[in-house]
Amino acid sequence: MRVAETGRLVREAGGFVLQCEHGARLPLLLPRTPVDEVEKRVALTGIVEADGMLTVETIRLV
């Protein structure tokens, strides 16, 4: 399922999660390490996989 979400990008347990504005936490699979976006508000698009991971296609600061 394709999604578009906004929230705060957080490093957690060796990976990254998106703390969504509506309260959910989405574990992320990123194509690159988001050095400039960590601990900032971002908008991203991606595909939710069967295991609940969000494979990120785009990420940008908002």
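Thresholds applied
- Residues numbered from 1 in each chain as written.
- Predicted model: local features only at pLDDT ≥ 70, side-chain atom pairs only at ≥ 80, totals over all residues.
- Heavy atoms only, no water.
- Helix = DSSP H or I, 4+ residues; strand = E, 2+ residues; numbered from the N terminus.
- Rg over C-alpha atoms; globule rule 2.2 N^0.38 Å.
- Core = buried A, V, L, I, M, F, W, Y, C linked by side-chain atoms within 4.5 Å.
- Buried < 20%, exposed > 50% of the residue type's maximum accessible area, 1.4 Å probe, protein only.
- Contact = heavy atoms within 4.5 Å.

## A few points about the overall build of the chain
Right, so step 1: Of the regular secondary structure elements, the chain holds 0 helices and 5 strands.
Right, so step 2: The order of α-helices and β-strands along the chain, N terminus first, is β-β-β-β-β.
Right, so step 3: Its C-alpha atoms give the chain a radius of gyration of 10 Å, within 12% of the compact-globule value 11 Å for 62 residues.
Right, so step 4: For the C-alpha atoms alone, the extent of the chain along its principal axes is close to 30 × 25 × 20 Å.

## Some thoughts on the nonpolar core
Right, so step 1: Ranked by size, the top nonpolar core spans 12 residues in total: V3, L9, F16, L18, C20, L26, L28, L30, V42, L44, L54 and V56.
Right, so step 2: Within the residue set of this core, elements represented by two or more residues are β1 (2-12), β2 (15-20), β3 (25-29), β4 (41-48) and β5 (54-61).
Right, so step 3: Top element by residues in this core is β2. It accounts for 3 residues.
Right, so step 4: With residues up to four places along the chain from it excluded, the contact list for L54 reads V3, L26, P27, L28, L29, L44, G46, I47 and V48.

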